[in-house]
Amino acid sequence: MTGWYVGMALGVVVIAVAAAIVITIVVLARRIAAQARTAVDGVEVVRRQTEALSGVGRINDSGVRILHSARALRKVAVGK
């Protein structure tokens, strides 16, 4: 009869540990979901703020061309 009580006690302990693990996972999942929503909102703000930068590639290309022209002019002016 004592073995039966030990078995029941172990079963209760195993179930309690499993329940604690599941509860911890659910709480952490909710916290992660809230943080993910905040991150998505932040990404949306960044997207809206950077939409106006669509011409940056063209501006960079123009800057590179100006730099190359300036270097070529310097070579002509200095003679090297």
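Everything here concerns the structure above.
Just so it is clear, the structure is predicted and the values come from calculations on it, not from any experiment.

Peer 1: Quick one: what's the story with the pattern of salt bridges, residue by residue and with numbers?
Peer 2: Per the counting criterion, the structure on display carries two salt bridges. Residue Arg47 pairs with Glu44 through a salt bridge whose shortest N-O separation is 2.5 Å. On the criterion of helical spacing, the pair formed by Arg47 and Glu44 is a turn pair, its members being three residues apart in helix α1 (residues 2-50). Arg48 is the partner of Glu44 in a salt bridge, and the nearest nitrogen-oxygen pair spans 3.8 Å. Taken together, the positions of Glu44 and Arg48, both in helix α1 and four residues apart, correspond to about one turn of that helix. Residue Glu44 is classed as partly exposed on the basis of its relative accessible area of 32%. Through salt bridges that share partners, Glu44, Arg47 and Arg48 make up one connected network.

Peer 1: Give a detailed account of the packing of aromatic side chains, specifying residues and quantitative values.
Peer 2: When we look at a pair of aromatic rings, we describe it by the centre distance and by the angle of the planes. Under the definition given, this model contains one aromatic pair. Aromatic side chains Trp4 and Tyr5 sit 5.5 Å apart centroid to centroid with 75° between the ring planes, which places their arrangement in the edge-to-face category. Judged by relative accessible area, Trp4 falls into the exposed class, the value being 54%. In this structure Tyr5 comes out as exposed when scored by relative accessible area, which is 52%.

Peer 1: Requested: an account of a nonpolar patch on the surface, with residues and values cited.
Peer 2: Together, Met1, Trp4, Tyr5 and Met8 make up a nonpolar patch on the protein surface, roughly 560 Å² of accessible area in all. Here Met8 lies in helix α1.

Peer 1: Can you lay out the environment of Asp61 for me, pointing to particular residues and giving the numbers?
Peer 2: By secondary structure assignment, the location of Asp61 is in helix α2 (residues 56-78). As for Asp61 and Gln35, which are separated by 26 residues in sequence, their C-alpha atoms are 39 Å apart.

Conventions used here
- Residues numbered from 1 in each chain as written.
- Predicted model: local features only at pLDDT ≥ 70, side-chain atom pairs only at ≥ 80, totals over all residues.
- Heavy atoms only, no water.
- Salt bridge = Lys/Arg side-chain N within 4 Å of Asp/Glu carboxyl O.
- Helix = DSSP H or I, 4+ residues; strand = E, 2+ residues; numbered from the N terminus.
- Buried < 20%, exposed > 50% of the residue type's maximum accessible area, 1.4 Å probe, protein only.
- Phe/Tyr/Trp six-rings, centres within 6.5 Å; stacked < 30°, edge-to-face > 60°.
- Patch = residues over 30% accessible without salt bridge, like charges linked within 9 Å, V, L, I, M, F, W, Y side chains within 5 Å.
- Areas by Shrake-Rupley, 256 points an atom, 1.4 Å probe, with all protein chains shown as cover.

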